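Fold and geometry: a report
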Amino acid sequence: MWKWRGYSIRYQCSGSSGPAIVLIHGFGANSDHWRKNIPVLANSHRVYSIDLIGYGYSDKPNPRDFGDNPFYTFETWAAQLNDFCKDVVKDQAFFICNSIGGLVGLQAAVMEPKICKGMILLNISLRMLHVKKQPWYGRPLIRSFQSLLRNTAVGKLFFKAVATSESVKNILCQCYHDTSQVTDELVQKILQPGLEPGAADVFLEFICYSEGPLPEELLLQVKCPVLIAWGDKDPWEPIELGRAYRNFDSVEDFVVLPNVGHCPQDEAPHLVNPLVKSFVARHATPPTSVSTAS
């Protein structure tokens with residue numbers, strides 16, 4: 001556990017030498033979602049996997065305690081990630097991110113460019129429910145629905161229906177193309193932290209978070225090299241829309257992961273782990289520069 005701004009943050013680490021890698025999970029997940037990557041990458045890297053505040057076994061402060069100032073934002077998580085690199089990793093690091101974790105990594109790299117040496121975005125969230133991506137006439141309806149979830153018993157009933165083994169398994173079977181990878185172990189790794197006190201409030205708060213940055217806005221600002229990899233069978237974040245991100249100057253490559261869904265690191269670690277190793281190897285040692293007299 002690591003203390004951050006008075007909150008307890010859970011993380012995992014493995015490996016004693018090599019470049020530092022920080023693994024950043026997606027919505028509703030936690031550092032255990034990288035259990036198939038940590039031991040393999042740790043053979044040649046210092047690997048860290050963190051539970052973002054509000055998720056996993058990190059503290060879950062009540063969002064209502066912050067008044068009108070939203071707490072669960074990409075800026076909060078990005079600050080947590082950067083401070084983690086300074087306090088725990090004590091080094092520059094490569095960020096490997098899945099889903100909304102990609103927004104966290106990008107935001108962190110924009111806020112403090114010297115920390116991130118490069119990042120891989122695995123099926124980054126397109127944020128299709130963002131207010132900027134909704135037609136003007138649909139926005140009041142969305143706000144009303146969000147208010148219903150946050151401020152009435154409907155939200156808690158909805159969460160109660162979702163937070164069961166059967167529901168979690170069904171959701172995972174939607175987003176994994178190879179459903180044989182949706183094991184009972186995986187279901188429990190995702191479900192158990194969601195049963196902790198405060199998890200429901202965080203879940204509902206994020207569902208109602210339709211502002212903040214978009215990937216395309218952050219990719220315009222990021223300075224480090226970015227590799228995007230996309231499972232082509234993702235039903236939530238269509239690869240046809242994701243391909244547009246290959247046009248940003250910061251994106252050095254767009255890799256298609258065939259017959260893989262929304263969480264490639266867990267569904268197809270045999271594809272993701274070599275990709276991470278090769279990307280880090282390319283960028284771990286900066287090219288020798290020739291000094292010039294001023």
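The written sequence of each chain sets the order in which its residues are numbered from 1. Given that the model is predicted, a residue must reach a pLDDT of at least 70 before its local features are reported, and side-chain atom pairs must reach 80 or more before they are shown or counted; all residues, however, enter totals for whole chains, interfaces and linings. Side-chain metrics rest on all non-hydrogen atoms present in the structure, leaving aside hydrogens and water.

Going by the annotation in an unreviewed UniProt entry, the name recorded for the protein chain is Alpha/beta hydrolase fold, with Melia azedarach given as the source organism.

Turning our eyes to something else, we now look at the overall build of the protein chain. Each helix corresponds to a stretch of at least 4 residues labelled H or I by DSSP, and each strand to a stretch of at least 2 residues labelled E; elements are numbered beginning at the N terminus. On a plain count of helices and strands, the protein chain comes out with twelve helices and nine strands. Radius of gyration here is computed from C-alpha atoms only, and the compact-globule reference equals 2.2 Å multiplied by the residue count raised to the power 0.38. Computed over C-alpha atoms, the radius of gyration of the protein chain comes to 19 Å, within 12% of the 19 Å expected from 2.2 N^0.38 for 294 residues, which places it in the range of a compact globule. The rule is simple: take the accessible area with a 1.4 Å probe, protein chains only, and divide by the maximum for that residue type; under 20% is buried, over 50% is exposed, in between is partly exposed. Taking all 294 residues of the protein chain together, 53% fall into the buried category. Here a residue-residue contact requires only that any non-hydrogen atoms of the pair lie within 4.5 Å. Counting only contacts in the protein chain whose residues sit at least 6 apart along the sequence, the fraction spanning at least 24 positions is 77%. Charge assignment: positive for Lys and Arg, negative for Asp and Glu; neither His nor the chain ends contribute. Every charge is mapped to an atom, namely NZ of Lys, CZ of Arg, CG of Asp or CD of Glu. On the protein chain, the mean spot of the 28 positive side-chain charges and the mean spot of the 29 negative ones are 2 Å from each other.

With that out of the way, let us pick up the environment of His 25. Locating His 25 in the fold gives a position in the loop between strand 4 (20-24) and helix 1 (38-41). Along the sequence, His 25 and Val 104 sit 79 residues apart, while their C-alpha atoms lie 9.4 Å from each other. Apart from residues lying up to four places away in sequence, His 25 is in contact with Asn 30, Ser 31, Trp 34, Ile 50, Asp 51, Leu 52, Tyr 55, Asn 98 and Gly 101. Contacts described as polar in this section are N or O atom pairs within 3.5 Å, which, within protein, must combine one atom able to donate a hydrogen with one able to accept it, while residues neighboring in sequence count only if both atoms come from side chains. Here Ala 29 takes part through its backbone oxygen, which lies 3.4 Å from a polar atom of the side chain of His 25.

What follows is about the nonpolar core. We define the nonpolar core as a collection of buried residues of types Ala, Val, Leu, Ile, Met, Phe, Trp, Tyr and Cys that are connected through side-chain atoms lying within 4.5 Å of one another. Core analysis: the largest hydrophobic core is formed by 52 residues, its most contacted members being Val 22, Trp 77, Phe 95, Met 119 and Leu 121. In terms of residue count, the dominant contributor to this core is helix 2 (residues 74-89) (nine residues). If you look at the next biggest cluster of nonpolar residues, it comprises 23 residues, including Trp 34, Ile 38, Val 47 and Val 255.

Classification of ring pairs rests on two measures: the distance between centres of Phe, Tyr or Trp rings, Trp counted by its six-membered ring, which must be within 6.5 Å, and the angle between planes, read as stacked under 30 degrees, edge-to-face over 60 and tilted in between. The final tally for this structure, using the stated rule, is 20 aromatic pairs. Consider the rings of Phe 74 and Phe 206, whose centres lie 6.1 Å apart with planes at 90°: the pair is edge-to-face. Taken together, the positions of Phe 74 in helix 2 and Phe 206 in helix 8 (residues 199-207) put the pair 132 residues apart, joining distant regions of the chain. Look at Phe 94 and Phe 279: their rings are 6.2 Å apart centre to centre, the planes differ by 80°, and that puts the pair in the edge-to-face class. In this pair, Phe 94 sits in strand 6 (residues 93-98) while Phe 279 sits in helix 12 (residues 269-284), placing the two residues 185 residues apart along the sequence. Summarising the burial analysis for this pair, Phe 94 and Phe 279 share the class buried. Members of the aromatic cluster, connected to one another through ring pairs, are Tyr 7, Phe 27, Tyr 55, Phe 66, Phe 71, Tyr 72, Phe 74, Trp 77, Phe 158, Phe 159, Phe 203 and Phe 206.

Our next topic: the pattern of salt bridges. Pairing between side chains becomes possible if they bear opposite charge and their charged atoms approach one another. Should a side-chain nitrogen of Lys or Arg be within 4 Å of a carboxyl oxygen of Asp or Glu, the pair is scored as a salt bridge. Across all of its chains, the model carries eleven salt bridges by this definition. We note a salt bridge from Glu 185 to Arg 35, for which the minimum N-O separation is 3.6 Å. Of this pair, Glu 185 sits in helix 7 (residues 184-194) while Arg 35 sits in the loop between strand 4 and helix 1, and the two are 150 residues apart along the sequence. Ionic contacts of the salt-bridge type, sharing partners, join the residues Arg 35, Lys 36, Glu 185 and Asp 266 into one network.

Our focus in this paragraph is the sheet that holds strand 9 (residues 251-257). Any two strands are treated as partners once DSSP identifies two or more bridges connecting them. Strand order in the open sheet formed by seven strands is 3-5-4-6-7-8-9, with mixed pairing between adjacent strands. At either end of the open sheet lies a strand with only one pairing partner, and these are strand 3 (11-14) and strand 9. Here the strands of the sheet are splayed against their neighbours by 15° on average, with no regard to which way each runs. The pairing of strand 7 (residues 116-122) with strand 8 (residues 226-231) spans four bridges and is classified as parallel. Bridge pairing in strand 8 links Met 119 to Val 226. Sitting on the sheet, helix 12 touches strand 4, strand 6, strand 7, strand 8 and strand 9, and the angle it makes with strand 7 is about 155°. All axes here are fitted lines through C-alpha atoms, helices being fitted over the stretch that makes contact, and every angle between N-to-C directions spans 0 to 180 degrees.

Before going further, it helps to examine the side chain of Asp 51. Secondary-structure assignment places Asp 51 in the loop between strand 5 (46-50) and helix 2. By relative accessible area, which is 0% here, Asp 51 ends up buried. Contact partners of Asp 51, with chain neighbours within four places excluded, come to Ile 9, Arg 10, His 25, Asn 30, Ser 31, Gly 56, Tyr 57, Ser 58 and Gln 80.

Even without being a glycine, Lys 90 presents a positive backbone phi close to 55°. A positive phi angle, near 55°, is found at Ser 99, a position not held by glycine. Note on placement: Ser 99 falls in the loop between strand 6 and helix 3 (100-111). For Ser 99, a relative accessible area of 8% puts it in the buried group.

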